[in-house]
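Notes for the structure review
Below are the chains, spelled out letter by letter.
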Amino acid sequence: MRIELNKPEKIIKRLGLEEDGMATEFFRDKVDAYCDPYIPFAGGSGNHLKNFKTYPNKHSIKYEAPYAHYHFIGKKAIGSSRPAGVKRKISNIDMKYQGGPLRGPHWDTRMMNNRGKEIIKDLQIFVKNGGKKWQKIQIWKQ
C-alpha cells in the first residue's frame, strides 16, 4: 500500500492558514465586528471613531482619526489649538464615554476578554470548513 499526502504548504493554503490568508482576514473581520459596541461613539455628530478606520492589510485595523490615540488610551488631550503637525499632550484625566456601558479605552483588549472564545470557536469552524461553508453556518447560527 502506498499513501501520498499533500505537502504541508498545500494543506496550509487550502485551509487559509498561510500568512495573510483567508483565516487571517476572517479573524480580522470578526474582531472588527465584535469591537464595534466597544468603540467610543459621539452621538449625532457623525464623527464616530469607528467611521475612521481602514484595513492596511489582512491582519490590521487602523483608526485614522486625529483623536483616535487619545480615545484608545482613554485620557483627555491638553490644549485646544496647536500648530499643524504638533501633537497635543496627554493628561491624566480619564475620558467619559457615552453610548453604552461597553464603550471606552482599549476596546480590543476588553472585547477579546469578553468574546475572544467565541471568535476562536468561529475561526475553528471557518478553518474546519476551509472557509467555504461559513455563510451557511453563520445563517444557521442566527
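Note that the structure is a prediction, hence the values are computed from the model and not measured.

1. Description of the overall build of the protein chain
Summing up its helical and strand segments, the protein chain has five helices and four strands in all. Put simply, the protein chain runs from its N terminus to its C terminus through helices and strands in the order α-α-β-β-α-β-β-α-α. Across the protein chain, every contact between residues at least 6 apart in sequence was considered, and the portion connecting residues at least 24 apart equals 49%. Within the structure as shown, the protein chain displays about 10400 Å² of accessible surface, and the carbon and sulfur contribution to it stands at 55%.

2. Considerations on unusual backbone geometry
Even without a glycine there, the phi angle at Asp20 is positive, about 60 degrees. Inspection of the secondary structure puts Asp20 in the loop between α1 (8-14) and α2 (22-35). Judged by its relative accessible area of 26%, Asp20 is partly exposed. In this model, His106 sits at a positive phi of 50 degrees, which is unusual for a non-glycine residue. Examined against the element boundaries, His106 turns out to sit in the loop between β4 (89-94) and α4 (107-128). Judged by relative accessible area, His106 falls into the partly exposed class, the value being 34%.

3. Topic: the nonpolar core
Grouped together as the largest cluster of nonpolar side chains are 12 residues: Val31, Tyr34, Cys35, Tyr38, Ile39, Leu49, Tyr63, Ala65, Ala68, Trp107, Met111 and Ile119. Within the residue set of this core, elements represented by two or more residues are α2 and α4. Not counting residues within four places of it along the chain, the set of residues in contact with Trp107 comprises Cys35, Tyr38, Ile39, Pro40, Leu49, Tyr63, Ala68, His71 and Phe72. Grouped together as the second largest cluster of nonpolar side chains are six residues, Ala23, Phe26, Leu123 and Val127 included.

4. A few points about the packing of aromatic side chains
Per the stated rule, a full pass over the model turns up four aromatic pairs. Taken together, a centroid distance of 6.4 Å and an interplanar angle of 80 degrees make the contact between Phe52 and Tyr67 edge-to-face. Separated by 15 residues along the polypeptide, Phe52 in the loop between α2 and β1 (53-54) and Tyr67 in the loop between β2 (62-63) and α3 (68-73) bring together distant segments of the chain. The partly exposed category is assigned to Tyr67, whose relative accessible area is 24%. Cluster of aromatic residues (ring-pair linked, three or more members): Tyr63, Phe72 and Trp107. We note Arg115 situated over the ring of Tyr34; from NZ or CZ to the ring centre the distance is 4.1 Å.

5. With respect to a nonpolar patch on the surface
A surface patch of nonpolar side chains, amounting to about 490 Å² of accessible area, comprises Met1, Ile3 and Leu5. Its location among the elements puts Ile3 in the segment before α1.

6. Digging into α2
Between its first and last C-alpha atoms α2 spans 20 Å; for 14 residues at 1.5 Å apiece the expected length is 20 Å, and the two agree. All of the buried residues along α2 are Ala23, Phe26, Arg28, Lys30, Val31, Asp32, Tyr34 and Cys35.

7. Considering α4
Where α4 bends most, the angle comes to about 70 degrees, and this point is Arg115. Looking at α4, one finds that the buried residues are Trp107, Met111, Gly116, Ile119, Asp122, Leu123, Phe126 and Val127.

8. Overview of the pattern of salt bridges
Under the defined criterion, the tally for this structure stands at eight salt bridges. Ionic pairing is found between Arg2 and Glu4, a salt bridge with its closest N-O pair at 3.4 Å. Summarising the burial analysis for this pair, Arg2 and Glu4 share the class exposed. Lys75 serves as the salt-bridge partner of Asp94, at 2.4 Å between the closest nitrogen and oxygen.

What counts as what
Residues numbered from 1 in each chain as written. Predicted model: local features only at pLDDT ≥ 70, side-chain atom pairs only at ≥ 80, totals over all residues. Heavy atoms only, no water. Helix = DSSP H or I, 4+ residues; strand = E, 2+ residues; numbered from the N terminus. Contact = heavy atoms within 4.5 Å. Areas by Shrake-Rupley, 256 points an atom, 1.4 Å probe, with all protein chains shown as cover. Buried < 20%, exposed > 50% of the residue type's maximum accessible area, 1.4 Å probe, protein only. Core = buried A, V, L, I, M, F, W, Y, C linked by side-chain atoms within 4.5 Å. Phe/Tyr/Trp six-rings, centres within 6.5 Å; stacked < 30°, edge-to-face > 60°. Lys NZ or Arg CZ within 6 Å of the ring centre and 35° of its normal. Patch = residues over 30% accessible without salt bridge, like charges linked within 9 Å, V, L, I, M, F, W, Y side chains within 5 Å. Salt bridge = Lys/Arg side-chain N within 4 Å of Asp/Glu carboxyl O. Expected span 1.5 Å × (residues − 1). Bend = angle between axes of the 7 residues up to and from the residue.

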